[in-house]
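# Commentary on secondary and tertiary structure
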There are 2 protein chains.
Amino acid sequence: MSATLADVAAKAGVSRQTVSNAINTPRIVHPATLQRVMAAVDELGYAPNLHARRLRTSSARTIGIRLERHDDGIHGVLLDRFLHAVTEQAAGLDRHVLVFTADDADAEVAQIRSLSQRSLADAFVLTSTDHRDRRIDALAEAGIPFVAFGRPWDDGSAPHSWVDVDGRAGTREATDACLATGERVAFLGWPDGSGAGDERRGGWRDAMADAGLPADLDRAVEDDPAQAQAAAAELLAAGATSIVCASDTLALGAIGALSRADASVPVVGFDDTGVAAGLGFSSIDQNLGAVAAAVLELLHGEPAHRLVTPRLHRRANPRWGLPAQQSAAADGKDAS
Amino acid sequence: MSATLADVAAKAGVSRQTVSNAINTPRIVHPATLQRVMAAVDELGYAPNLHARRLRTSSARTIGIRLERHDDGIHGVLLDRFLHAVTEQAAGLDRHVLVFTADDADAEVAQIRSLSQRSLADAFVLTSTDHRDRRIDALAEAGIPFVAFGRPWDDGSAPHSWVDVDGRAGTREATDACLATGERVAFLGWPDGSGAGDERRGGWRDAMADAGLPADLDRAVEDDPAQAQAAAAELLAAGATSIVCASDTLALGAIGALSRADASVPVVGFDDTGVAAGLGFSSIDQNLGAVAAAVLELLHGEPAHRLVTPRLHRRANPRWGLPAQQSAAADGKDAS
DNA sequence: TCGATCCATTTGATCGTTCCAACGAACGTA
DNA sequence: TACGTTCGTTGGAACGATCAAATGGATCGA
């Protein structure tokens, strides 16, 4: 059916091993031979049989990722984007991505063990890591390479590779942008105790403190538009000139409050989901492309970590958008 | 490292081939031998090396699916759910799922060709099929097994396997449910020309016609909450007692109109995304589990097709929800 | 001249499975 | 007794690549 190493070797008048070298370690074959071999490869449309290679080397060059069940929506979109970014960039590194499902953390570990043992995948990405994540210890103990997307909120575990988004830097940037439109920047977030949520609130506090302003307009509700709407109404009544939110879901609720109050106040969400694009409010883009790149970089090698800086995606909707950036730092400026 | 066929054979006192038979075609080995072999398998924790098997049989038992770039959000969530369902059910059939990305249809076909030739995946699922889809002819011609998620809206192509959701049945069910709360059921959909959109509008028209009511409250806008809100306001002004929408995005806009008008009117969306769950409006669930099952069923075999019936996910929010179902009949009861 | 070193290439073995042809034993039939 | 079938099992070859060791020439210093 398809051409094999031996076919190419015959055509180029060399041995199989030389063809193999030409493909895997070109620098050790003579330039003239290399050229001849490559010509034969092109002519025959040869592509190495990966099963044979994997059998021999017992490595798969494949990354395993669990697909989560996402009843909530927004979280799912993010993971989906992340998966897309990882897959796209993995292809550039000549790696494939195998997906699997699992009902809980233990089932996931079992799956990973199985996939790893059969060398169907030789490195894994853990998503949605939480407090005292069982998976981390299990994989570390089994010696299976992995990178976690999400920082370890406890520091009891053995050191492992992780990548996370610097939520604090994100809300700080959003708050700074909002400050340009008025001093009373409010924050609408989640109750204390969620690592990511606390970081996001911290960024707002930092920015307000640096500006010498009080961080008093602060509300905490569950990630639900109805609750957010009620809380946002209070913030507006208290004189908020803009609202920085811990998620697009909360921002959606805040915009509901704006609509009812007929107010015109910038709202900034977090995650830059389709909701933000649809309604036209600004949102903090987690920069998942950079996260994916960092994950791939850390997949092989000593434990290390990376903190990716998100960036504010400005949208200029007249009701709840942000005005164009004034300072001509990097990109184009417009009338203000 | 891991146990091999030869190890099991030695332990059970039989030849490699017998072990292979015990695993792949148990019926041809003697019951007593089978039991002895299986005991050895368990004891050694033997699992076949899939690379070796795939090399020998040149089949991968793996399904390839392209991950789409989804800037729009809602579409992405659906495909993500679908992917999850396929992966989960594929595992039950001892199959794996490999994902890949591609910038356009041609690139996707090229990728599929490559994956297929190297037998990294031996069957594929096409999503987001559109009018005169180039991919279908290309794959059919290349003899690569595939199933399309989405019916062929033109009938010019060669017959191929496809699975689709019966959108018409979905909006019909939604309309019937809405009729229980008032006669003036409106439809908020997309402009004519999109196959899926036309089907959804058709379901509403059918239900209204069966009930002997005029289908006059009908608006068509792009899939954008702002436009939807304006159109929904018109429908409310014209006396709509409920609004069936072609998507959750449109329903989101409709609810915005409700909020401003302080009206209390059932709204039904389509796709049952997180937005519907978050705001608490009813929505039509595409039943992607059933779609996935159908896809897997059709992946190997003669060209065939399946039309999956979606189901209405009722939510009883007081402002825009639906009352609990009155008739305890199973479902699919025609009004007349 | 001889031997050591290096470079480019080749040869044979191997990864773990399934395919293929052959095998002996048990059985029925002539 | 002899012969063809069927059943359960077996050993060797093959899938297509990489690994490890060996080969034959150049090149170079002693």
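Note that this is a predicted model, so its numbers are computed, not measured.

How each quantity is defined
The residue numbering used here restarts from 1 in each chain and proceeds along that chain's sequence as written. Whichever chain is written first is A, and whichever ligand is written first is 1; the rest continue in order. Where totals are concerned, whole chains, interfaces and linings use all residues; where local detail is concerned, this predicted model gives features only for residues with pLDDT of at least 70, and gives and counts side-chain atom pairs only at 80 or more. The basis for the side-chain values is all heavy atoms of the structure; hydrogens and waters are excluded. Runs of E in the DSSP output that reach at least two residues are strands. Runs of H or I that reach at least four are helices, and both are numbered from the N terminus. Each residue gets one of three labels from its accessible area relative to the maximum for its type: buried under 20%, exposed over 50%, partly exposed in between, using a 1.4 Å probe on protein chains only. Whether two residues are in contact is decided by their heavy atoms, any of which lying within 4.5 Å being enough. Buried area counts how much accessible surface, traced with a 1.4 Å probe, disappears from two parts once they are put together, with both parts' losses summed. One speaks of a salt bridge when a side-chain nitrogen belonging to Lys or Arg is within 4 Å of a carboxyl oxygen belonging to Asp or Glu. The term polar contact refers here to a pair of N or O atoms within 3.5 Å; inside protein, the definition further demands a hydrogen-donor-capable atom paired with an acceptor-capable atom, and it admits residues adjacent in sequence only when both atoms are side-chain atoms. Ten residues, namely Ala, Val, Leu, Ile, Met, Phe, Trp, Tyr, Cys and Pro, are considered nonpolar, four, namely Asp, Glu, Lys and Arg, are considered charged, and the remaining ones, Gly among them, are considered polar. In this description, strands pair whenever DSSP reports at least two bridges between them. Fitted lines through C-alpha atoms serve as axes, helices being fitted only where they are in contact, and the angles separating the N-to-C directions of these axes extend from 0 to 180 degrees. Where each domain begins and ends is defined by an automated method or by a domain database. By convention in this text, a residue qualifies as near a molecule or strand provided that one of its non-hydrogen atoms is within 4 Å of it.

## Points about the environment of alanine 228 of chain A
Residues and elements named next belong to chain A. In this fold, alanine 228 is placed in helix H10 (residues 225-237). Judged by its relative accessible area of 0%, alanine 228 is buried. When the C-alpha positions of alanine 228 and leucine 279 are compared, they lie 16 Å apart, and in sequence the two are 51 residues distant. Contact partners of alanine 228, with chain neighbours within four places excluded, come to Leu188, Val221, Leu250, Gly253 and Ala254.

## Points about the interface of chain A and chain B
In this assembly, 46 residues from chain A lie in contact with 46 residues from chain B. Between chain A and chain B lies a buried interface of about 4100 Å² when both sides are counted; carbon and sulfur atoms form 58% of it. When the buried surface of chain A facing chain B is broken down by residue, His51, His84 and Arg118 of chain A rank first, second and third, together holding 17% of it. Linking chain A with chain B are two salt bridges, by the criterion used here. Connecting chain A to chain B are 12 residue pairs in polar contact (both at pLDDT 80 or more). Contributing elements (two or more residues each) for the side of chain A that touches chain B: helix H4 (50-57), helix H5 (74-92), strand E2 (96-101), helix H6 (105-117), helix H11 (248-261) and helix H12 (274-279) of chain A. The element contributing the most residues to the side of chain A that touches chain B is H5 of chain A, with eight residues. Its residues assigned to classes, the side of chain A that touches chain B shows 18 nonpolar, 16 polar and 12 charged. Of the strand pairs in this sheet, E2 of chain A and strand E2 (residues 96-100) of chain B are connected by three bridges, and their pairing is antiparallel.

## Re the sheet that holds strand E7 (residues 218-220) of chain B
Residues and elements named next belong to chain B. The strand order across the open sheet formed by six strands is E7-E6-E8-E9-E10-E12, and the pairing between neighbours is mixed. Both outer strands of the open sheet, E7 and strand E12 (311-313), are each paired with one neighbouring strand and no more. When strand polarity is set aside, the average angle formed by the axes of neighbouring strands in this sheet is 20 degrees. Pairing of strand E10 (residues 282-285) with E12 involves three bridges; the strand directions are antiparallel. Residue isoleucine 284 lies in a different strand from E12, and its bridge partner there is leucine 312. Each of strand E6 (185-189), strand E8 (242-245), strand E9 (267-270), E10 and E12 is contacted by helix H8 (residues 167-179), which is oriented at about 170 degrees to E8, the strand it contacts most. In the packing of helix H9 (residues 195-210) onto the sheet, contacts are made with E6, E7 and E9, and the angle to E6 comes to roughly 170 degrees.

## Comments concerning the domain arrangement of chain A
By domain assignment, chain A separates into domain 1 (5-40), domain 2 (62-160) and domain 3 (167-287). Once you take the C-alpha centre of each, domain 1 of chain A and domain 2 of chain A turn out to be 38 Å apart.

## As for the protein's contact with DNA strand D
Taken together, 24 residues surround DNA strand D, and among them Leu5, Gln17, Ser20 and Asn24 of chain A together with Thr33 of chain B come closest. Of what DNA strand D places within 4 Å of the protein, 59% of the atoms are sugar or phosphate. Between a phosphate oxygen of DNA strand D and a side-chain N or O atom of serine 20 of chain A, the distance comes to 2.4 Å. For DNA strand D, a phosphate oxygen lies 3.1 Å from a polar atom in the backbone of asparagine 49 of chain A. Of all the secondary-structure elements, those providing two or more residues to the surface near DNA strand D are helix H2 (16-24) and H4 of chain A together with helix H2 (16-24) and helix H4 (50-57) of chain B. With five residues, H4 of chain A is the largest single contributor of residues to the surface near DNA strand D. Split into classes, the residues belonging to the surface near DNA strand D amount to eight nonpolar, 11 polar and five charged.

## Some details on the pairing of strand E8 (residues 242-245) of chain A
Residue and element names in this part refer to chain A. Neither face of E8 is exposed, since Ser242 and Val244 on one face and Ile243 and Cys245 on the opposite face are all buried. With four bridges joining them, strand E6 (residues 185-189) and E8 adopt parallel strand pairing. Counted as the bridge partner of alanine 186 is isoleucine 243 from E8. Bridge count for E8 against strand E9 (residues 267-270) is two bridges, and the pairing is parallel. Looking at E9, one finds that isoleucine 243 is bridged to valine 267.

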